[in-house]
Amino acid sequence: MASKKPAAANPGRPVPGSDAATAESLKTLPMQEVQHQLGTSPDGLGQVEAAKRLIQYGPNEIAEHHANALLKFLSYFWGPIPWMIEAAVILSAVVGHWPDFFIILVLLLANALVGWSEERQAGNAIEALRAKLAVTARVRRDGTWITPAARELVPGDVIRLRLGDIIPADARLFAGDEIEVDQSALTGESLPLTCAPGDPVYSGSIVRRGEIDGLVYATGANTYFGATAELVQGAHTVSHFQKAVLKIGNYLIILAAVFVAVIVLVSLLRHDPLLTTLQFALVLTIAAIPVAMPTVLSVTMAVGARILATKQAVVSRLVAIEELAGVDVLCSDKTGTLTQNSLTLGDPFCADGVTAAEVIIAGALASRADNDDPIDLAILGGLSDPDALHGYTVTGYQPFDPVSKRTEATVTEKGAGTGTEQPTFKVSKGAPQVMLALATDASAVKSAVDAAVNDFATRGYRSLGVARTGPTGDWRFLGVLPLFDPPREDAAATITTAREMGVEVKMVTGDALAIARETAVKVGLGANILDAAGLGEVQKTESATTAESIERADGFAQVFPEHKYHIVEVLQQRGHIVGMTGDGVNDAPALKKADCGIAVSGATDAARAAAAIVLLTPGLSVIIDAIKISRRIFQRMNSYAMYRIAETLRVLLFVTLTILVFNFYPVTAIMIVMLALLNDGAILSIAYDNVRYRSQPEAWNMRVVLGIATVLGVLGPIAAFGLFYLGDRVFGIGRPQLQTMMYLMLSVAGHLTIFLTRTRGPFWSIRPARILLFAVLGTQVIATLIAVFGLFMTQLGWGWAAFVWGYAILWALLSDRVKLLAYKVLDPAVALAAGGGHKIR
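About the cut-offs
- Residues numbered from 1 in each chain as written.
- Predicted model: local features only at pLDDT ≥ 70, side-chain atom pairs only at ≥ 80, totals over all residues.
- Heavy atoms only, no water.
- Core = buried A, V, L, I, M, F, W, Y, C linked by side-chain atoms within 4.5 Å.
- Buried < 20%, exposed > 50% of the residue type's maximum accessible area, 1.4 Å probe, protein only.
- Helix = DSSP H or I, 4+ residues; strand = E, 2+ residues; numbered from the N terminus.
- Contact = heavy atoms within 4.5 Å.
- Phe/Tyr/Trp six-rings, centres within 6.5 Å; stacked < 30°, edge-to-face > 60°.
- Lys NZ or Arg CZ within 6 Å of the ring centre and 35° of its normal.
- Pairing = 2+ DSSP bridges.
- Axes fitted to C-alpha atoms, helices over the stretch in contact; angles between N-to-C directions.
- Arc of directions from axis to C-beta.
- Patch = residues over 30% accessible without salt bridge, like charges linked within 9 Å, V, L, I, M, F, W, Y side chains within 5 Å.
- Areas by Shrake-Rupley, 256 points an atom, 1.4 Å probe, with all protein chains shown as cover.
- Salt bridge = Lys/Arg side-chain N within 4 Å of Asp/Glu carboxyl O.
- Lys, Arg positive; Asp, Glu negative; His and termini not counted.
- Parallel < 35°, antiparallel > 145°, perpendicular 65-115°, else oblique.
- Nonpolar A, V, L, I, M, F, W, Y, C, P; charged D, E, K, R; others polar.
- Left-handed = near helix turned anticlockwise from the far one by under 90°.

A. View of the nonpolar core. In terms of nonpolar packing, the biggest core is built from 118 residues, with Leu 284, Ile 613, Val 655, Met 742, Tyr 743 and Met 745 touching the most fellow members. Examining the composition of this core, we find that 22 residues originate from one element, helix H22 (residues 621-662), more than from any other. Those residues in contact with Tyr 743 that sit more than four places away from it in its chain are Val 667, Met 671, Met 674, Leu 675, Leu 678, Ala 783, Ile 786 and Met 793. Counting 27 residues, the second-largest nonpolar core is a separate cluster that includes Ala 547, Val 568, Ala 599 and Ala 611.

B. How the structure looks around the packing of aromatic side chains. Under the definition given, this model contains 15 aromatic pairs. Ring centres of Phe 662 and Phe 724 lie 5.1 Å apart, and the angle between their planes is 50°; on these two criteria the pair is classed as tilted. A residue pair is termed long-range when its members are at least 10 positions apart, and Phe 662 in helix H22 and Phe 724 in helix H24 (residues 702-730) qualify at 62 residues. On the basis of relative accessibility, which here comes to 29%, the residue Phe 662 falls in the partly exposed class. The class of Phe 724 is buried, set by a relative accessible area of 2%. Here the aromatic cluster, defined as three or more aromatic residues joined through ring pairs, consists of Phe 654, Phe 662, Phe 664, Phe 721 and Phe 724. We note Arg 160 situated over the ring of Trp 145; from NZ or CZ to the ring centre the distance is 4.8 Å. For the cation-ring pair, Arg 735 lies above Phe 664, with the distance from its terminal atom to the ring centre recorded as 4.4 Å.

C. Quick peek at the sheet that holds strand S5 (residues 179-182). Strand order across the open sheet formed by three strands is S6-S5-S8, with antiparallel pairing between neighbours. Each edge of the sheet is formed by a strand with only one pairing partner; in this case those strands are strand S6 (193-195) and strand S8 (206-209). Ignoring which end each strand starts from, the neighbouring axes of this sheet average 45° apart.

D. Geometry of the pairing of strand S4 (residues 170-173). Alternating positions in S4 separate into two faces, Asp 170 and Arg 172 on one and Ala 171 and Leu 173 on the other, with burial throughout. In this structure, S4 lies alongside strand S9 (residues 212-218), joined through four bridges in antiparallel fashion. Along S9, the bridge assignment pairs Ala 171 with Val 216.

E. Up close: the sheet that holds strand S2 (residues 144-146). In space, the six strands of this open sheet follow the order S2-S1-S3-S9-S4-S7, with antiparallel pairing throughout. Pairing within the sheet leaves two strands with one partner each, and these edge strands are S2 and strand S7 (200-201). Bridge count for S4 against S7 is two bridges, and the pairing is antiparallel. Bridged to Arg 172 within S7 is Pro 200. In the packing of helix H2 (residues 31-38) onto the sheet, contacts are made with S4 and S9, and the angle to S9 comes to roughly 55°.

F. Highlighting helix H16 (residues 491-500). Taken together, the buried positions of H16 are occupied by Ala 491, Thr 494, Ile 495 and Ala 498. On an axial view of H16, the arc spanned by its buried residues comes to 100°, and they lie on one face. Summarising the contacts, the buried residues of H16 are in contact with strand S19 (504-508) and H22. Of the residues flanking the end of H16, it is Gly 502, one or two places downstream, whose phi is positive at about 80°.

G. Region of interest: a nonpolar patch on the surface. On the surface, a cluster of nonpolar side chains totalling about 500 Å² of accessible area is made up of Ile 90, Val 94, Leu 268, Leu 274, Leu 275 and Leu 278. Those elements that place two or more of their residues in the nonpolar patch are helix H5 (80-94) and helix H9 (274-288). The biggest single contributor to the nonpolar patch is H9, with three residues. Mapping Val 94 onto the fold places it in helix H5.

H. View of helix H12 (residues 356-365). The buried fraction of H12 amounts to seven of the 10 residues, a majority that puts the element mostly inside the structure. Three or more residues of H12 are buried, namely Val 359, Ile 360, Ile 361, Ala 362, Gly 363, Ala 364 and Leu 365.

I. Fine view of the side chain of Asp 328. As for its placement among the helices and strands, Asp 328 is situated in the loop between helix H11 (319-324) and strand S11 (329-333). Look at Asp 328: it is buried, it has no salt bridge, and the nearest opposite charge is Arg 631 at 8.3 Å. Residues in contact with Asp 328, not counting those within four places in the same chain, are Gly 502, Val 503, Glu 504, His 576, Ile 577 and Pro 697.

J. Local environment of the packing of helix H25 (residues 735-757) against helix H26 (residues 770-789). Interaxial distance between H25 and H26 falls to 10 Å at its minimum, and their mutual angle equals 175°. Considered as vectors, H25 and H26 are oriented roughly antiparallel to each other. Where H25 approaches H26, its residues Thr 740, Tyr 743, Leu 744, Ser 747, Val 748, His 751, Ile 754 and Phe 755 are matched on the opposing element by Leu 773, Val 776, Thr 779, Gln 780, Ala 783, Thr 784, Ile 786 and Ala 787. Class assignment of the residues belonging to the contact of H25 with H26 gives a composition of 10 nonpolar, six polar and no charged.

K. Molecular detail of the packing of H16 against H22. Two elements in contact, H16 and H22, have axes whose closest approach is 9 Å; the angle formed by their N-to-C orientations is 25°. As far as their axial angle goes, H22 and H16 are roughly parallel. Taken as a pair, H16 and H22 cross one another with a handedness that is left-handed. Across from Thr 494, Thr 497 and Ala 498 in H16, the residues of H22 making contact are Ser 621, Ile 624 and Lys 628.

What follows is the structure, encoded as structure tokens:
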């Protein structure tokens, strides 16, 4: 046995592993030599020595290459939209419109500064959230096992590698049983690699089977795979939600291009100055293109992620919040999500000639306290005598494997009073049917065991079979350990809330059918539980009858990991948007396959890496909160989409028709730039608006979005032409002053539109958030002051400004009535339910 005193490096001698070449040599040296060179032992390092090495070699992480802040800022001047603004600046200088030149240049700089600042803040917020997902490692320091962040590992550390762990650094394996390691994230090889004691394992790979200790010999950039050893979350994906919004953006760009082309063509035919025409066309295009759309999306998603973080749910991919809005089926784990994951041991069932103490001791020998597994802890806690295991020595241990569904230990027992070792035997615990298949006496005890398991299930107990080998090595069934995991107090209420929201919850568990049905009934799911074993080959295409039974089921029992993937796939093929919870390493494929994968509290590193949302606290209620938040975000983006389409139509139609019919530019280029910037700046506040989510999963209804937006977009020019007629023909206002009046009208009426699109019912049916109200009022006060005092335009005066405000408000009230009528025509069901949504702040 090695000394209990942690080894320390020789003073003044650098520890190998400080460069990739040395680390490469440590892969093949004998383990004793590796320990000598690293100045360590199987008992690991001391905290003081580890701290020294951490300073010497740096954190165990790949250094991120952050973009230069200046270059990042300059990137906001590069791209199609900045090019058009810059072209407008140059054209203004060429034609000598110096006020336009300076104001557009200042606005260009301001736009870049705001965009850079918003992105920087959003990035910092998301990084802070993701820091909560940092991988931890089980490390032996000063003779005690602790779990620091993986970034604190140093060469010479001794780590424990368990099923589902992401290997945190390059390591050599100590003595023990073989493990299986998945290196697909690093090499692309899909089959797990079997690793024996002494073999190297690499940072970023995943333990698929087994458990063993390892000696860290390389960290950070010096690992075998270097930067590529980091587990990649996956390529950037675009959600259904984003695709719809991007389609709207493309539609607006095409719309703007058509109207601007008409203006340019007509102006050329009228022999208007070419440079002035091009400058106006560019500025009008800038105003029509939804420049703020990416920023609004990012800010809204970041706000939702921060709200979820306060509820102990960390979003690793922002698009998951969007996908949640459409989830209509949630496949939920039982243990820890629907139940308390607080197991207690009941009175066991014993085979003939076996005592309850013998069953519990055998189960305890097949358990491991330092793994912190709830089942193992419950069985160990059920020992009547804490010293009952002192007479045994566990010489080999195979941890729980989700495929074989059992643990196994090799044990020797000391002879009473003699101190001599008795012949070695094995003990195993696991699913009762697995233990029966293992035992040679299964036929004699099967009926009694089945009756006991069913009896336990009807009382809400989970059953574990226990078996032991005899002198001949044959397995003998000892008994059944009943474990009770009571339902969470909030489970039934949460499931009821989910159903009210149009989300069907299906329980997915590896427990036997009877216990699954009992639990499902207690939490209010229903008793229609399918035995996953009856699904047959999980890769096959299910018949219509089987697929329908999966769709109608309240839950699934005796589920293996591959069944989860199959269940998700079948439900998706039936047209459902599926959320899936999981915690194990083999849940990762199903979490990736689901529209929204959710790693529950206590999940393995592999499951957390595959999931889009990671829960830090147990229970289902956080997921329901996340769905509410996602639907709130959907409503905000739906409002923004209608607002953006309506405003683009308003400006393009009015300006184009005025030029064509009256041969008059109703607003100047500088007015359009200020109009776009003030409106887009204030609209960011929609990310914080009060909304009502629907009681059904959300999906884009482009017919309604485009229909309502078009109605409002056409009403806008009608109102603008009415004011234009009054100012030009009735009041006889001069053209320069009339341009200022139309600028103020487009600004005020445009922002009033957001109060119309944000509600399905009358505009007063939902009180706007203060930040939105103040943002709109603030920008319109600025716009009014610019018009009144004539900043870069002809003065309008307070009287005419008040008249414009009154006129715009009257038209907004009329437009709101027309909007309600449009909803009744386009979507009667929505119109009827307009006042019945759920308000959340």
